[in-house]
Each structure stands twice: as structure tokens, then as C-alpha cells.
Amino acid sequence: QIVKESFLEDINNLLNSGEVPNLMETEDMERILSAVRPLAKAAGKPEGRDAVYAHFVQLVRENLHIVLCMSPIGDAFRVRCRMFPSLVNCCTIDW
């Protein structure tokens, strides 16, 4: 059961772009970027902040797996699929 609809918005963003906007504080992001910088350099990416962040998002998208179960019965599923299209477009649906 979905308690907060905003949770689905975050999952939709994560599935679509690999990130949730404004999820992390600046100091947390800097810590992540400093940890990812050697990985980005080893992958041949530039050392700029944007390139390192893009590499981080790419790693997240390659390694993140989400299991989400919803009942297809009733209007709620149809409405959620319309409101959050990544639930259909970026997922494998097992009916």
C-alpha cells in the first residue's frame, strides 16, 4: 500500500533520470563526488564536477534494482500509471 504519493514521484524520477532532485545535502554530495572521482577518472571521464556527477548517476542507473508491487485492480493503478509514466516506460511489468 502506498502511504504517500510523493514516494511514487521519487521512484518515478529515479527510474527516469537516475536521481531524485534535492535528495542530498551539499556536503553529502561532495563526499559522494570525492568517492566517485577516482572511478570516473579510471573510466576515462573528465574530472569536472558535472562529469563526475554524470558518472555517479550512470553507476546508480546500472546498479539499482527496484521491486515495486501494486495491485492492477481498481482505478488507483491506472491513475498512478498516468501520473508517473516511468512506472510503465522504465520497468519490466510482470502481470
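Refer to the structure presented above.
Note that the structure is a prediction, hence the values are computed from the model and not measured. (Residues numbered from 1 in each chain as written. Predicted model: local features only at pLDDT ≥ 70, side-chain atom pairs only at ≥ 80, totals over all residues. Heavy atoms only, no water.)

Undergrad: Before we move on, could you go through helix H4 (residues 75-83) and cite the residues and values that matter?
TA: All buried positions along H4 are accounted for by Phe-77, Arg-80 and Cys-81. Summarising the axial view, the buried residues of H4 lie within an arc of 100°, below the 170-degree limit, and thus occupy one face. When the buried face of H4 is taken as reference, the exposed residues oriented beyond 90 degrees from it are Asp-75, Arg-82 and Met-83. In this structure, the buried residues of H4 make contact with helix H1 (5-17) and helix H5 (86-89). (Buried < 20%, exposed > 50% of the residue type's maximum accessible area, 1.4 Å probe, protein only. Helix = DSSP H or I, 4+ residues; strand = E, 2+ residues; numbered from the N terminus. Arc of directions from axis to C-beta. Contact = heavy atoms within 4.5 Å.)

Undergrad: So what's going on with the side chain of Arg-80? Which residues, and what values?
TA: Examined against the element boundaries, Arg-80 turns out to sit in helix H4. Since its relative accessible area comes to 16%, Arg-80 is described here as buried. Setting aside residues up to four positions removed in sequence, Arg-80 forms contacts with Ile-2, Glu-5, Leu-8, Met-70 and Leu-87.

Undergrad: Account for unusual backbone geometry, naming residues and giving values.
TA: Positive phi, normally seen in glycine, also occurs at Asn-22, with a value near 55°. Here Asn-22 shows up in the loop between H1 and helix H2 (26-42).

Undergrad: Now, about the pattern of salt bridges: what can you tell me, with residues and values included?
TA: Should the charged atoms of two oppositely charged side chains come close, the side chains can pair. Scanning the entire structure with this criterion turns up five salt bridges. A salt bridge links Arg-31 to Asp-28; the shortest N-O distance between them is 3.0 Å. A residue pair is termed a helical-turn pair when its members lie 3 or 4 positions apart in one helix, as Arg-31 and Asp-28 do in helix H2 at three residues. Take Arg-31: its relative accessible area is 51%, and that puts it in the exposed class. For Asp-75, the salt bridge is made with Arg-78, and the minimal N-O distance between the two is 2.3 Å. In this pair, Asp-75 and Arg-78 are both assigned in helix H4, three residues apart and thus about one turn of the helix distant. Taking the relative accessible area as the measure of exposure, Asp-75 reaches 51% and is therefore exposed. (Salt bridge = Lys/Arg side-chain N within 4 Å of Asp/Glu carboxyl O.)

Undergrad: Residues and numbers for the packing of aromatic side chains, please.
TA: Tallied over the full model, the rule gives one aromatic pair. On the numbers, 6.2 Å between centres and 40° between planes, the contact of Tyr-53 with Phe-56 is tilted. Separated by three residues within a single helix, Tyr-53 and Phe-56 lie in helix H3 (residues 49-63), roughly one turn from each other. (Phe/Tyr/Trp six-rings, centres within 6.5 Å; stacked < 30°, edge-to-face > 60°.)

Undergrad: If you had to explain the nonpolar core to someone new, which residues and values would you point to?
TA: Most often, soluble globular proteins keep nonpolar side chains buried together rather than apart. Counting seven residues, the largest nonpolar core consists of Met-29, Leu-33, Val-36, Ala-40, Val-52, Phe-56 and Val-57. Listed by contribution, the elements that provide at least two residues to this core are H2 and H3. Here Phe-56 is in contact with Met-24, Ile-32 and Val-36, once residues within four sequence places are set aside. Judged by nonpolar contacts, the second largest core, of six residues, contains Ile-2, Ile-11, Phe-84 and Leu-87. (Core = buried A, V, L, I, M, F, W, Y, C linked by side-chain atoms within 4.5 Å.)

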